[in-house]
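Spelled out from the first residue to the last, the chains are:
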Amino acid sequence: MNLHEYQAKEMLATRGAPIPRGALAYDPLSALVAARKLKTDKVVLKAQVHSGGRGKAGGVKVLSMSDDIRSAAASILGRTLVTNQTGPEGKPVSCLLIEEAPIIDSEIYLGVALDRSSGMVTVMASPAGGMEIEKIAAESPDRIFTVKVNPLRGLSAFQARELAYNLSQDPNVAGQINKIINILYDIFVSYDCTLVEINPLIISGDRALALDAKVNLDDHALFRHPELEKLRDRTQEDLMELSARQDGLSYIKLGGNIGCIVNGAGLAMATLDLISLHGGSPANFLDVGGGASEQVVSDAMSILLDDPRVKVVFINIFGGILRCDVLANGVIKAIRHRGLQLPVVARIEGTNIAAGLELFRESGLPVEIIPTLDEAARIVVQKAQTLASKAS
Amino acid sequence: MNLHEYQAKEMLATRGAPIPRGALAYDPLSALVAARKLKTDKVVLKAQVHSGGRGKAGGVKVLSMSDDIRSAAASILGRTLVTNQTGPEGKPVSCLLIEEAPIIDSEIYLGVALDRSSGMVTVMASPAGGMEIEKIAAESPDRIFTVKVNPLRGLSAFQARELAYNLSQDPNVAGQINKIINILYDIFVSYDCTLVEINPLIISGDRALALDAKVNLDDHALFRHPELEKLRDRTQEDLMELSARQDGLSYIKLGGNIGCIVNGAGLAMATLDLISLHGGSPANFLDVGGGASEQVVSDAMSILLDDPRVKVVFINIFGGILRCDVLANGVIKAIRHRGLQLPVVARIEGTNIAAGLELFRESGLPVEIIPTLDEAARIVVQKAQTLASKAS
Amino acid sequence: MAILVNKDSRIICQGITGRNGTFHSLACRDYGSNMVGGVTPGKKGASVEGIPVFNTVREAVRETGANVSLIFIPAAHAKDPILEAVDAGIQVIVCITEGIPPLDTASALYTVKSEGRHLIGPNTPGIISPTDRCKVGIMPGYIHKPGRVGVISRSGTLTYEVVDQLTKAGVGQSTCMGLGGDPVVGLSFVDTLKMFNEDPDTDAVVLIGEIGGSAEEQAAEYIRSDFNKPVVAYVAGRLAPPGKRMGHAGAIISGGSGAADGKIRALSDAGVHVVENLTMVGSAMSKILEAS
Amino acid sequence: MAILVNKDSRIICQGITGRNGTFHSLACRDYGSNMVGGVTPGKKGASVEGIPVFNTVREAVRETGANVSLIFIPAAHAKDPILEAVDAGIQVIVCITEGIPPLDTASALYTVKSEGRHLIGPNTPGIISPTDRCKVGIMPGYIHKPGRVGVISRSGTLTYEVVDQLTKAGVGQSTCMGLGGDPVVGLSFVDTLKMFNEDPDTDAVVLIGEIGGSAEEQAAEYIRSDFNKPVVAYVAGRLAPPGKRMGHAGAIISGGSGAADGKIRALSDAGVHVVENLTMVGSAMSKILEAS
């Protein structure tokens, strides 16, 4: 789960990290009022969407007080922002953050993430802030300073201090950075984050200020932080993915027309690859999980049957814990309930395969069972292509 | 700093550990009222003093409601309790804890302490509760279960659980003990304790109950817990020791008549040993510390000069950081200020020795400087014996 | 022989009295594994169809000499049992649990590593050594066949798929294991490749990677410099869009890193035979073995 | 040579710009120690009479090749600098600070030990190797004399007292050190006895114990089984009443354990020459050396 910039900044401010003065606005008039209240010459309007790259997409505007702030706000609010990270469907903008625009003397990058290979939380800092850390890493890796944090010991005072003195030799500025690093780390571990980032942290005169901030939470640890659920902005998430997750399914929307049901994440990814290899295009990733029940399989099937983009359904199951008979019952249940308008191709294998096949046979439903995976994928792609060309 | 039983129990109860119902009383009538309010057949009156061994010393009385509770309370309150741990001067009783007296099915020992050799906090548990842990250790060491806690990891859930199942095979009882062990450990580390102990933890029916509890705090970490200062009971501490500590001195009252000033704890202990070896008896342990200032030395000297038991003062200094001239100035200052009624023998050695000796010589004060330690100790003991025999 | 688990493995199950714990402990025993005990606090003295239950791992180890543990504990509480297993002296810990908060895994893993033990998973189907009839996990045992090819994978069902292909192609397996689908897991490709390198009973390895992280790139690096047996690899997730967790918490392309293309390139460059079509993994290995 | 510190020691002082840090850094240098730098965050570029100051230990180590650190940091903040020294690669850490909360020391010590470093103290006068003119501590240097007797002690001034006696008796010292007067300290009697046992330039050892804990009993155990040089010992605190901290936080007889008698008995039983009268330690050692 991701937070909005303003939510991330509130978290920072609550713990004592300095952020620019600002306010939220949900309509152009309040944007103007908020801007005036800041009593400053220059303000910045920032679209609150769950995506980076907002500036290039027109979601961030720097204005002087003599500009028409109301129109500028109106031109962002309510539109759908398409950035290089949102995909073609973009993200709706329902909220603006209006902030003072402080003078920027220099820009610093600060970030905390979990390093997968070492299994250690890693704090990253760079004096080359303002651009993405991946870009800094590619262009000037020697300008990134990192410390790995022993998970039992936590971040030691000296580690934050070392990073701070790598960014500034001015004890006053280094002291402020030091404090902010500790705050970032605290947020990261106390809320089980996947990423906490200030980019840029600007130095404005003798003051450090978090100009932009990002806090992404780990879904697997949200149960420990029920209070964070109220920060969720459902308008920024795909509703189908969200409701699938609540059913215990892993569903991700893709651009094609072949609906897929698979058990296991790896096999599900491989199924997409295989469809693509044969020239087809999957409509989704859908992993029913290792130990899915009949009901979960039925729910998964219904999601596909409800998706108007789907031309053909591909079921690919290698039964391990998930038994093939359970799968068959789930699929049959969903089809009976919804009625079947689409061709279904299934490849099933593994535990209780015989019972599963028998159930399909008995049901009399037009589910085409293909014994080998490669062949099944080829047939699915063929069917999808035939149906798509008919439709056009 | 030590806490009273009732304070320790309040700490436990605040965190969810079960303690007997009870109330405090500072006079016999309220003791009676408190006992009646418990609405139980049997009550126990417990003197609140900083010492173990209260029972044998008459500080604990179990009574039935038909007994004369008021007289029993009066017989404890206001007296000075001399136990095997208090020394001959005893501890004044100004407060009674009146508690219900539950039925005892079995008694368990639970304690947390810092193991010095491993540097690890150690949780100790024994089904042989009710007697001192040292006695259990001597008599049935196989009945003590311990876990050492990795200081970085803290007490793991399974460690507390293991101990609990060593004490009881009943999952309900083990579950309660498990919880209480976690509470003890939390108190120990969150308040920097030297000892946290429940002895006995009784099993009464299906319920575990902390019948007696002890919490001792580490003086060196009290600065982190200023809120605990209000739990200090000055009536239970030696006022001279307390005020010496506030002056930065380490002072402990002993039974003899030779007042000692030494720098360094080890040398101070060794000085007492030497006096004793020569047949004398020190009135105190007094370590002015490694880096004492003139004022601290003067304060130390004043403490001895004020002590009516002291017949002769012995100054033993090996100047390291503490320079001999600083020492001399401090001693001279105190003597000039108070006037000198007592013989003073000094052995000084180390940094700036010449300047120190010169200062004493110039002062014209009757401070007898003896160059060798053994000789100095011998002379001090002689003087003390002569003066003591004159006085008697 | 095999790596990590074999006929000498004495296995306990932590969480044996739970539904999954019971089911899979018995399935492992049915396969041939030496299930010597189980742990559920408060259930000491119980028996799961003859497998004795203990209150603590220490007790189980003392009474049974166990050296391998299979963990089925809900994600919210799964860190502690891993530490308990380490402290009690268990050498190989297989943690099936899915959805453990990564900071919990990271913290437990630190202790596992500093004590020199092996953690497989979490979010793994487990490990199986068919020749030794030793299965410590939830994979369907019957698809395996004793043999001399090692299989390591970040995915469960994808492993079954590949093992099934191998078996049907007549290629048996020495040891097959899932490393786990989480961002932070215990044993890595490199760790296990090193073991296969030393194992006289493994002739070749199938490596099944997926998007996310850089475990495949590190494996490529190691294979290039030190691995002296043939490797066939497949990497899942070429179609995955950035920023989305593809079922596995660890399968996510973030900030431009972790994509399939880079992994495939690294493995190819290291001399690994990378198969594009999943269904060709078995035949590819079969051909390589015939050629050698 | 000597143990732990010698003429090759490159020493920094953490907290060098404080009053004590400055005074003793210069005193160490005056004695002959190779003081290569100091650390005070925010004071980089400053110089303490020619000793360069750095912001961090890592920087100091990088610039000066330091391998020994002398710590003067107030008790409330002393844990972090110990960890900083360890992480920066310092091998021998001498922590003078008194009154560190024992749980802080215990926590730092755990890291020191697991990284294989040496912590002397806290609450120690430090360590000095007279032959090498290397002093890392606050002891008066001039009382020492180069020679072949090691001195280890839990007390500061008591060590000076004994060293003074040795020197006056013509007995020089290889290395003298205070282990520290706190309940939890780094190096123990046993640790340092092992080093003296291996040190070809130490012929005998003076061990100065005191009440509290069981370090002397453990030393006795080690001496009995493995130590092959003569030991003269003195144990302070026979008159100490139970339950009172005798100046040192660690000098306390608690629950009947830690009393002087038991320690003296243990040492005597292990063949140690235990001296009852502190003032006889020098002459006792002198006699033993003459006899051998």
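Because the structure is a prediction, the values reported are computed rather than measured.

Our focus in this paragraph is the domain arrangement of chain A. Here chain A is described as being made up of domain 1 (21–100), domain 2 (106–231) and domain 3 (238–386). Put simply, the middle of domain 1 of chain A and the middle of domain 2 of chain A, counted by C-alpha atoms, are 26 Å apart.

Now for the domain arrangement of chain C. Often, the extent of an interface is quoted as the loss of accessible area upon association of its parts. All names here are of chain C. The assigned domain composition of chain C is domain 1 (11–120) and domain 2 (139–291). One C-alpha centre belongs to domain 1, the other to domain 2, and the line joining them spans 26 Å. Listed by partner, the interface residues are 10 residues for domain 1 and 11 residues for domain 2. For the pairing of domain 1 and domain 2, the buried interface totals around 840 Å² over both sides, and the portion due to carbon and sulfur atoms is 66%. Counting across the domain 1 and domain 2 interface gives 0 salt bridges. The interface formed by domain 1 and domain 2 contains 1 residue pair in polar contact (both at pLDDT 80 or more). Every element with two or more residues in the side of domain 1 that touches domain 2 is listed here: helix H4 (102–114) and strand S7 (118–120).

Moving on, we come to the packing of helix H3 (residues 79–87) of chain D against helix H4 (residues 102–114) of chain D. Residue and element names in this part refer to chain D. As a packed pair, H3 and H4 sit with axes 9 Å apart at the nearest point and diverge in direction by 5°. Here H4 runs roughly parallel to H3, going by the angle between their axes. Of H4, the residues touching H3 (which contributes Lys79, Ile82, Leu83 and Val86) are Asp104, Ser107, Ala108, Thr111 and Val112.

Residue and element names in this part refer to chain B. Among the structural elements, Glu237 can be located in the loop between strand S12 (213–217) and helix H7 (239–246). A distance of 2.9 Å separates the side chain of Glu237 from the side chain of Arg232, its partner in a polar contact. Dropping the residues within four chain positions of it, Glu237 is found in contact with Met1, Arg232, Leu242 and Arg245.

The next point concerns the interface of chain B and chain C. Chain B puts 10 residues into the contact, and the matching count from chain C is 11 residues. Summed over both sides, the interface between chain B and chain C buries roughly 1,000 Å², with carbon and sulfur atoms accounting for 50% of that surface. When residues of chain B are sorted by the area they lose upon contact with chain C, Arg153, Phe158 and Glu162 of chain B head the list and together hold 51% of the total. Here Asp87 of chain C makes a salt bridge to Arg153 of chain B, at a shortest N to O gap of 3.2 Å. Where chain B touches chain C, the interface holds 7 residue pairs in polar contact (both at pLDDT 80 or more). Examining the composition of the side of chain B that touches chain C, we find that 6 residues originate from one element, helix H5 (residues 157–167) of chain B, more than from any other. Partitioning the side of chain B that touches chain C into residue classes produces 4 nonpolar, 3 polar and 3 charged.

Attention shifts here to the interface of chain A and chain C. Taken together, the contacts link 51 residues of chain A with 56 residues of chain C. Both sides together, the interface formed by chain A and chain C hides about 4,100 Å², and carbon and sulfur atoms give 63% of it. Ranking the residues of chain A by area buried against chain C places Arg116, His220 and Phe318 of chain A at the top, with a combined share of 18%. Viewed at the interface, chain C and chain A are joined by 5 salt bridges. The shortest N-O distance in the salt bridge between Asp104 of chain C and Arg224 of chain A comes to 2.9 Å. Linking chain A with chain C are 18 residue pairs in polar contact (both at pLDDT 80 or more). Counting residues per element, the ones that place at least two in the side of chain A that touches chain C are strand S8 (120–126), helix H6 (171–190), strand S13 (250–253), helix H8 (265–277), strand S15 (284–287), strand S16 (312–319), strand S17 (344–350) and helix H12 (373–391) of chain A. The dominant element in the side of chain A that touches chain C, judged by the number of residues it contributes, is H8 of chain A, at 10 residues. Looking at the side of chain A that touches chain C residue by residue, the class counts come to 23 nonpolar, 16 polar and 12 charged.

Definitions and limits used
Within any chain, residue numbers begin from 1 and follow the written order of that chain's sequence. Key to labels: chains lettered from A, ligands numbered from 1, both in the order written. Note on the predicted model: pLDDT of at least 70 is required for a residue's local features to be given, and 80 or more for side-chain atom pairs to be given and counted; whole-chain, interface and lining totals, by contrast, use all residues. Computation of side-chain values covers all heavy atoms of the structure but excludes hydrogens and water. As used throughout, domain bounds are those supplied by an automatic or database domain assignment. Throughout, a residue-residue contact means that at least one pair of heavy atoms, one from each residue, lies within 4.5 Å. By buried area we mean how much accessible surface two parts lose on assembly, using a 1.4 Å probe and totalling the loss over both. Salt bridge, as used here, is a side-chain nitrogen of Lys or Arg placed within 4 Å of a carboxyl oxygen of Asp or Glu. Throughout this description, a polar contact denotes any pair of N or O atoms lying within 3.5 Å of each other; where both atoms belong to protein, one of them has to be capable of donating a hydrogen while the other can accept it, and for residues adjacent in sequence the pair is counted only when both atoms sit in side chains. A run of H or I in DSSP becomes a helix once it reaches four residues, and a run of E becomes a strand once it reaches two; helices and strands are each numbered from the N terminus. Axis definition: a line fitted to C-alpha atoms, limited for helices to the stretch in contact. Angles are taken between N-to-C directions and run from 0 to 180 degrees. Throughout, the term roughly parallel applies to angles under 35 degrees, roughly antiparallel to angles over 145, roughly perpendicular to angles from 65 to 115, and oblique to all others. Amino acids are sorted into nonpolar (Ala, Val, Leu, Ile, Met, Phe, Trp, Tyr, Cys and Pro), charged (Asp, Glu, Lys and Arg) and polar (every other residue, Gly among them).

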